[in-house]
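# Fold and geometry: a report
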Amino acid sequence: MWKLSIEDDQGNKTVVNLVRDEYSLGRAEENTVRLTERNISRKHAALQRNGSGWLLSDNQSYNGCFVNGVRVADPQRLEHGDLVQVGDYRLEITDDTVAAVGSRAATVPAVPKSQMLLGQPDRLVMLVGPTPGAEFALAGDRVVIGRGEECDIAINHSSVSRVHAEIHSLGDGRYELVDRESANGVRLNGVELKRGLIDARDSIELGDVVFKFIPAGVIYRAGADESQQLGAVSVGALERMTPPPQSAGGMPASVKAIAAVFGLGILVVLGMLTLRRDPPPPADPVAAIPSDGAAAVLKEAKALADSGNLDAAHLKLTQGIPEDSNVRQSQEFKDLEARWADSLFSAADQESDPARKREILERITKATSVDSARRKRAAVDIEKLDLAGVAVTDLPPTPVPTLSDPAKPALTGGIVRKDPFAAAPKPGGKPPTASYPKAAPVPAPAPKTTSSTPDDLGDRAKLKAHKDGLKSKVASGKASDSEKRMLKALCRQLGDGSCSN
């Protein structure tokens, strides 16, 4: 039986038994084999049974399909042990029958082609520089890159500092790029950073030299995806690496003069045509942002923040830079959002209206572009607003029930016990006194001093009465959110745990 082993860039493996005659591969839900990574097209490829084997067809996908490192242009026949690369996925096709026969026939089983290709380590491939196509393995926990011969990866180029950058291994195939205060800086996917995490197929620029990070097991052939290589390299780096045009010093002076006059005439004609054209309409500032213009948006936002308009800078960052852009992970982006959040904290501290203060703090908690520490601080401040003490003067007037009515007797009935030691009364006389001796008078204890004054007790009674009124209103379902928050604050203030829950 034929089998298809699918492994993603995290090392998760799935095995599919090929029992059908045709399989569709892609990101859309209707595919037989659904691959969900972002570099997979909706209908990426098709796998069809062809006699005793299989054919792989690329459905004009954006990133293409590769069989044993070679990009597929026409339907490609697959054999036992072939390795197919689709985006970030590695697919190995095997035939159990061939594998069983090979294991019995050979004393030492041959290494499959896929295993030979997958044995390559994490590495950097030079795209632009002194030796294009050269590969440098990332061995060890720390790899130093620079122009000096003592560096682990030595690059003989004038734009590279003697010790330019370092790559630190974080484990599980993850790496971090760190700038060693180089003269020309470090750019990751066109964005200048001091440090950043490296992902599969990211482009790394050290001065004018450009690398591409290729993870272990991923097949890479220079020129196979040339369009993607050029898209990852900044225009400035390519222009700086392009050699200047050769001088036409060997041309006669008369030919040079004729060429200069002819060129000047062409420029005059082009200028006249340009002036006759109608001026183009003003472009929408948001729609005019190109897909790779996140760095320009970041620069404009920084200028707004430096001028004191932090709200406009925040709006430009959140609306102008896509959420999946690597620019959002840059330190400059995080610093701008932190400055915006700190300005809101200052405004909340100066605000006396609790409702307005809560509104300002909620803007911070809802901004996912702000770091988690500041959003948590805003949530804590909101909770403090909810749990703050309630002043009696802030409560509406509520009748407080009295314990007794002075117009009525304190006791309407009851039992009065007789003195067991008293003698029986004589007719017509005064009741005799008790026969037991009188005890010496005991001095009355001094009254205990408490911290509660009559005013404090009255305030507490008002708070309790208002709490009881809010409880009945909440139980009937007619209380507003502000009344619920006030009830919770009153319960905490009066120490009523059952009510606050």
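Residues numbered from 1 in each chain as written. Predicted model: local features only at pLDDT ≥ 70, side-chain atom pairs only at ≥ 80, totals over all residues. Heavy atoms only, no water.

## Topic: the overall build of the protein chain
Stated formally: Helix and strand definitions follow DSSP, with helices as H or I runs of at least four residues and strands as E runs of at least two, each counted in order from the N terminus. When accessible area is computed with a 1.4 Å probe and restricted to protein chains, residues below 20% of their type maximum are described as buried, those above 50% as exposed, and intermediate ones as partly exposed. Only heavy atoms enter the contact rule, under which two residues are in contact if any of them lie within 4.5 Å. The method behind every accessible area is Shrake-Rupley, applied with a 1.4 Å probe, and residues are considered shielded solely by the protein chains displayed.
Across its full length, the protein chain holds 13 helices and 22 strands. Looking at the protein chain as a whole, 34% of its 501 residues are labelled buried. Summarising the internal contacts of the protein chain: among those between residues at least 6 apart in sequence, 44% fall at separations of at least 24. Summed over its atoms, the accessible surface of the protein chain is roughly 32,200 Å², and 54% of this surface lies on carbon and sulfur atoms.

## So, a positive patch on the surface
Selection rule: For patches, a residue must show more than 30% relative accessible area and have no salt bridge; joins then use 9 Å for like charges and 5 Å for nonpolar side chains, namely Val, Leu, Ile, Met, Phe, Trp and Tyr. A carboxyl oxygen of Asp or Glu within 4 Å of a side-chain nitrogen of Lys or Arg is what we treat as a salt bridge. In this tally Asp and Glu are treated as negative and Lys and Arg as positive; neither His nor the chain ends contributes. Throughout, a charge is located at the NZ atom of Lys, the CZ atom of Arg, the CG atom of Asp or the CD atom of Glu.
Together, Arg-27, Arg-34, Arg-42 and Lys-43 give the surface a local cluster of positive charge. Relative to the helices and strands, Lys-43 resides in the loop between strand S4 (33–34) and strand S5 (45–50).

## Structural notes on the packing of helix H7 (residues 310–320) against helix H8 (residues 331–350)
Condition: Angles here are taken between N-to-C directions and fall from 0 to 180 degrees, while the axes themselves are lines fitted to C-alpha atoms, restricted in helices to the stretch in contact. Orientation is classified from the angle alone, with under 35 degrees giving roughly parallel, over 145 giving roughly antiparallel, 65 to 115 giving roughly perpendicular, and any other angle giving oblique. Take the far helix as your reference; a near helix turned counterclockwise from it by less than a right angle gives a left-handed crossing, and one turned clockwise gives a right-handed crossing. Three categories are distinguished: nonpolar for Ala, Val, Leu, Ile, Met, Phe, Trp, Tyr, Cys and Pro, charged for Asp, Glu, Lys and Arg, and polar for the others, with Gly belonging to the last.
Relative orientation of the contacting elements H7 and H8 amounts to 135°, with a least axis distance of 9 Å. The angle between the axes of H7 and H8 places the two elements in the oblique class. Like other packed secondary-structure pairs, H7 and H8 cross with a definite hand, here left-handed. Where H7 approaches H8, its residues Leu-310, Asp-311, His-314, Leu-317 and Thr-318 are matched on the opposing element by Phe-333, Leu-336, Glu-337, Arg-339, Trp-340 and Ser-343. Residues that form the contact of H7 with H8 fall into these classes: 5 nonpolar, 3 polar and 3 charged.

## Brief notes about unusual backbone geometry
A positive phi angle is found at Gln-60, which is not glycine, with a value near 55°. Not every positive phi belongs to a glycine, and Asn-189 is a case in point at roughly 55°. Using a relative accessible area of 27% as the deciding quantity, one classes Asn-189 as partly exposed.

## Comments concerning the environment of Asn-184
Mapped onto the elements of the fold, Asn-184 is located in the loop between strand S17 (174–179) and strand S18 (186–188). Residues Asn-184 and His-164 lie 20 residues apart in sequence; the distance between their C-alpha atoms is 8.7 Å. If sequence neighbours within four positions are ignored, Asn-184 has contacts with Ser-159 and Gly-207.

## Concerning the nonpolar core
Put simply, the rule reads: We define the nonpolar core as a collection of buried residues of types Ala, Val, Leu, Ile, Met, Phe, Trp, Tyr and Cys that are connected through side-chain atoms lying within 4.5 Å of one another.
In terms of nonpolar packing, the biggest core is built from 47 residues, with Leu-124, Ile-155, Ile-167 and Phe-211 touching the most fellow members. For this core, the leading source of residues is H8, giving 7 residues. Apart from the residues within four sequence positions on either side, Ile-155 is in contact with Met-126, Pro-130, Ile-145, Gly-146, Arg-147, Val-160, Leu-206, Val-209 and Phe-211. With 22 residues, the next largest nonpolar core counts Trp-2, Ile-40, Leu-47 and Leu-78 among its residues.

## With respect to the environment of Glu-79
Inspection of the secondary structure assignment puts Glu-79 in the loop between strand S9 (76–78) and strand S10 (83–86). In this structure, the C-alpha to C-alpha distance between Glu-79 and Glu-92, residues 13 residues apart in sequence, is 9.9 Å.

## Points about the sheet that holds strand S6 (residues 53–58)
Put simply, the test is: Whether two strands pair depends on DSSP finding at least two bridges between them.
Read from one edge of the open sheet, 5 strands run S4-S3-S5-S6-S9, paired in mixed fashion. If you trace the sheet from one side to the other, it starts and ends with S4 and S9, each paired once. Here strand S3 (residues 22–26) pairs with S4 via 2 bridges, running parallel. The residue of S4 that forms the bridge with Gly-26 is Arg-34.

## Some words on the pairing of strand S12 (residues 123–128)
Most of S12 is tucked away, with 6 of its 6 residues classed as buried. Pairing analysis gives 5 bridges linking S12 to strand S22 (residues 209–214), with the strands arranged antiparallel. What sits directly across from Met-126, in S22, is Phe-211. With 3 bridges joining them, S12 and strand S13 (residues 135–137) adopt antiparallel strand pairing. Counted as the bridge partner of Val-125 is Glu-135 from S13. In textbook terms, the turn of a hairpin is the stretch between consecutive antiparallel strands, and for S12 and S13 this stretch comprises 6 residues, one of which, Gly-129, has a positive phi near 160°.

## Considerations on the pattern of salt bridges
For the structure shown, the criterion picks out 19 salt bridges. For Arg-374, the salt bridge goes to Asp-371, with nearest N and O atoms at 2.9 Å. Overall, the relative accessible area of 24% leaves Arg-374 in the partly exposed class. Ionic pairing is found between Asp-468 and Lys-464, a salt bridge with its closest N-O pair at 3.4 Å. Here the residue Asp-468 and the residue Lys-464 both occupy positions in helix H11 (residues 454–475), the gap between them amounting to 4 residues, near one helical turn.

## A few points about the packing of helix H6 (residues 294–306) against H7
Relative orientation of the contacting elements H6 and H7 amounts to 165°, with a least axis distance of 7 Å. By the angle class used here, H6 and H7 are roughly antiparallel. Classified by chirality, the crossing of H7 by H6 is left-handed. Facing Val-297, Leu-298, Glu-300, Ala-301, Leu-304 and Ala-305 of H6, the residues of H7 in contact are Leu-310, Ala-312, Ala-313, Lys-316, Leu-317 and Gly-320. Looking at the contact of H6 with H7 residue by residue, the class counts come to 9 nonpolar, 1 polar and 2 charged.

## Focus: the confidence of the model for the protein chain
What counts is decided by this rule: A residue's pLDDT is simply how confident the predictor is in it, with values from 0 to 100.
A residue-level look at the protein chain finds 67% of positions with pLDDT of 70 or above and a mean pLDDT of 74. The weakest mean pLDDT in the protein chain belongs to helix H3 (residues 226–232) at 43; the strongest belongs to strand S14 (residues 142–146) at 94. Long-range and interchain partners of residues 223–250, a stretch whose pLDDT sits below 50, account for 37 contacts in this model, where long-range means more than four residues apart.

## Re the sheet that holds S13
With antiparallel pairing, the 6 strands of this open sheet are ordered in space as S13-S12-S22-S21-S18-S19. Two strands lie at the open edges of the sheet, namely S13 and strand S19 (191–192), each paired on one side alone.

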